[in-house]
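# Geometric and topological summary
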Amino acid sequence: MTATLSAPTTAPPTAGPPPVRRARKSPVRWLLLAVAVLVGLLLAAPFLILILNAFKTRADYSVNGPFAWPQQFTTAAFAKYLADVDFPVALLNSILISGIVALVAVVIALLAAYAIGIGRIRGGTVITAVLLFATMLPQESIIYPLFYGAQALGLQGSIWSVIIIFSVLQAAFGTYLLGSILGTFEPSLLEAASLDGANRWQILWRVVFPVMRPTLAVLVIFFFIWTWNEFYIPVVMLTDPTNQTVPIALSTLQGQLSTDITEQNAGSLLSLLPTLVFFVIFQRSLTRGITAGAVK
């Protein structure tokens with residue numbers, strides 16, 4: 001018996017993937033890119049001018065104006081601002097007030113919106129309309145009852161008066177926003193949780209809260225920045241200099257006859273940096289909260 005040896009067969013060569021061709025950008029895309037860059041420069045221009053003037057001397061600003069490049073970069077304006085204003089105390093007060101208000105307002109808004117949007121309480125529409133109306137009231141129209149109310153409670157001059165006021169005001173807006181969102185919440189999730197034996201409190205924290213977490217993170221960021229920038233109510237309520245916030249401390253540089261512009265720019269830059277750092281740290285949370293629910 002003889003064995004026949006067959007020639008080894010080789011697999012035919014397979015064709016590789018076709019080369020990827022990069023799509024050329026059309027003139028319209030280049031035009032849109034140029035417009036976006038131009039808009040970005042326009043938006044960044046005030047911040048850049050603020051930085052230039054903060055590192056100028058007062059004489060340099062008076063001779064060359066606000067748009068000229070500094071003849072010599074100096075930190076004299078920052079040193080003068082820190083000498084005239086107790087910035088660390090004002091910074092601590094602003095962080096404390098804004099942080100507490102942001103957290104308390106979001107918790108109150110979530111509880112109230114849960115009762116209105118999912119609990120379907122009676123008069124929910126009227127309550128939402130009242131809260132929306134409260135957010136549209138100018139602060140000048142409510143400052144007198146707020147001032148005398150704080151005075152009656154013994155909170156005049158205390159940071160807790162501002163914390164209570166802004167917690168309620170921010171929570172009103174948050175309740176209006178979250179109430180409309182929770183009104184469209186998926187009923188199947190709530191029914192499944194109820195069948196599993198969860199009560200209303202458990203449904204709130206184990207079902208509703210995880211779904212609403214990105215939106216709540218956005219509200220915390222906005223409430224913190226909005227409260228940080230508030231001036232009118234804090235300047236009326238916080239009569240004690242040790243309780244003043246950063247915007248109030250910055251306003252004390254405004255003189256009746258003359259003002260050091262470079263010192264004001266240095267103070268404005270120092271006042272802006274904490275919120276800028278806060279925004280950069282929580283930028284991902286803000287992006288996730290805005291895009292949550294956009295893609296299903």
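Up top is the structure.
The following refers to the structure shown. Since the model is a prediction, treat every value here as computed from it, not as a measurement.

### Considering the overall build of the protein
- The helix and strand tally for the protein stands at 13 helices and 0 strands.
- Listing the helices and strands of the protein from first to last along the sequence gives α-α-α-α-α-α-α-α-α-α-α-α-α.
- For the protein, the proportion of its 296 residues judged to be buried stands at 33%.
- Contacts in the protein between residues far apart in sequence, at least 24 positions, make up 75% of those at least 6 positions apart.
- Per element, the accessible surface of the protein, about 19,100 Å² overall, is 67% carbon and sulfur.

### As for the nonpolar core
- Membership of the largest hydrophobic core comes to 42 residues, with the highest contact counts inside it found for L178, L182 and V208.
- Mapped onto this core, the elements with two or more residues apiece are α1 (27-54), α3 (76-84), α4 (87-118), α7 (159-182), α8 (187-195), α9 (200-229), α11 (246-251) and α12 (261-281).
- Contact partners of L182, with chain neighbours within four places excluded, come to A113, Y114, G117, I118, V208 and M212.
- By size, the runner-up hydrophobic cluster in this structure holds 14 residues, among which are I97, I159, I165 and F166.

### Here we look at the pattern of salt bridges
- One pass over the structure, following the stated rule, counts 2 salt bridges.
- Note that K80 is salt-bridged to D84, the shortest N-O span being 3.2 Å. Of this pair, K80 and D84 are both found in helix α3, 4 residues apart, which corresponds to roughly one turn of the helix.
- Among the salt bridges present, the one from E263 reaches K80, with a minimum N-O distance of 2.9 Å.

### Side note on the environment of L103
- Within the secondary structure, L103 sits in helix α4.
- Its relative accessible area of 53% is what places L103 among the exposed residues.
- C-alpha of L103 to C-alpha of A217: the two residues are 114 residues apart in sequence and 9.8 Å apart in space.

### Concerning α12
- Its 21 residues place the ends of α12 30 Å apart at the C-alpha level, agreeing with the 30 Å of an ideal helix rising 1.5 Å per residue.
- Every buried residue of α12 is accounted for by T262, E263, Q264, N265, A266, G267, L269, L270, S271, T275 and F278.
- The inward-facing, buried residues of α12 abut α1, α2 (58-64), α3, α4, α9 and α11.

### Focus: the packing of α8 against α9
- Direction vectors running N to C along α8 and α9 enclose 135 degrees, while the axes themselves pass 11 Å from each other. When the axes of α8 and α9 are compared, the pair comes out oblique. Crossing of α8 over α9 shows right-handed handedness. Residue-level inspection shows L189, L190, A193 and S194 of α8 in contact with α9, the latter providing I203, V207 and V208.
- When the residues that make up the contact of α8 with α9 are grouped by side-chain class, the tally is 6 nonpolar, 1 polar and no charged.

### Some thoughts on the side chain of N243
- Of note, N243 is situated in the loop between α10 (232-237) and α11.
- Classification of N243 by relative accessible area gives buried; the value is 18%.
- Here G157 takes part through its backbone oxygen, which lies 2.7 Å from a polar atom of the side chain of N243.
- Setting aside its immediate chain neighbours within four residues, N243 contacts N93, G157, S158, I159 and L238.

### Description of the packing of aromatic side chains
- Throughout the structure, instances matching the rule amount to 13 aromatic pairs.
- Measuring from centroid to centroid gives 4.7 Å for F278 and F282, while their planes differ by 45 degrees, and the two rings are tilted.
- For F278, a relative accessible area of 16% gives the class buried.
- F282 gets classed as partly exposed once you look at its relative accessible area, which sits at 35%.
- Aromatic ring contacts, followed pair by pair, group F55, W69, F73 and F78 into a single cluster.

### With respect to the packing of α1 against α12
- Following both chains from N to C, one finds α1 and α12 inclined at 130 degrees, their axes separated by 8 Å at the closest point. Here α12 runs oblique to α1, going by the angle between their axes. Pair α1 / α12 crosses with left-handed handedness. Mapping the contact onto sequence places F47, L50, I51, N53 and A54 in α1 and T262, N265, A266, S268, L269, L272 and L276 in α12.
- A breakdown of the residues in the contact of α1 with α12 according to their chemical character gives 8 nonpolar, 4 polar and no charged.

What counts and what doesn't
- Residues numbered from 1 in each chain as written.
- Predicted model: local features only at pLDDT ≥ 70, side-chain atom pairs only at ≥ 80, totals over all residues.
- Heavy atoms only, no water.
- Helix = DSSP H or I, 4+ residues; strand = E, 2+ residues; numbered from the N terminus.
- Buried < 20%, exposed > 50% of the residue type's maximum accessible area, 1.4 Å probe, protein only.
- Contact = heavy atoms within 4.5 Å.
- Areas by Shrake-Rupley, 256 points an atom, 1.4 Å probe, with all protein chains shown as cover.
- Core = buried A, V, L, I, M, F, W, Y, C linked by side-chain atoms within 4.5 Å.
- Salt bridge = Lys/Arg side-chain N within 4 Å of Asp/Glu carboxyl O.
- Expected span 1.5 Å × (residues − 1).
- Axes fitted to C-alpha atoms, helices over the stretch in contact; angles between N-to-C directions.
- Parallel < 35°, antiparallel > 145°, perpendicular 65-115°, else oblique.
- Left-handed = near helix turned anticlockwise from the far one by under 90°.
- Nonpolar A, V, L, I, M, F, W, Y, C, P; charged D, E, K, R; others polar.
- Polar contact = N/O pair within 3.5 Å; in protein donor to acceptor, adjacent residues only side chain to side chain.
- Phe/Tyr/Trp six-rings, centres within 6.5 Å; stacked < 30°, edge-to-face > 60°.

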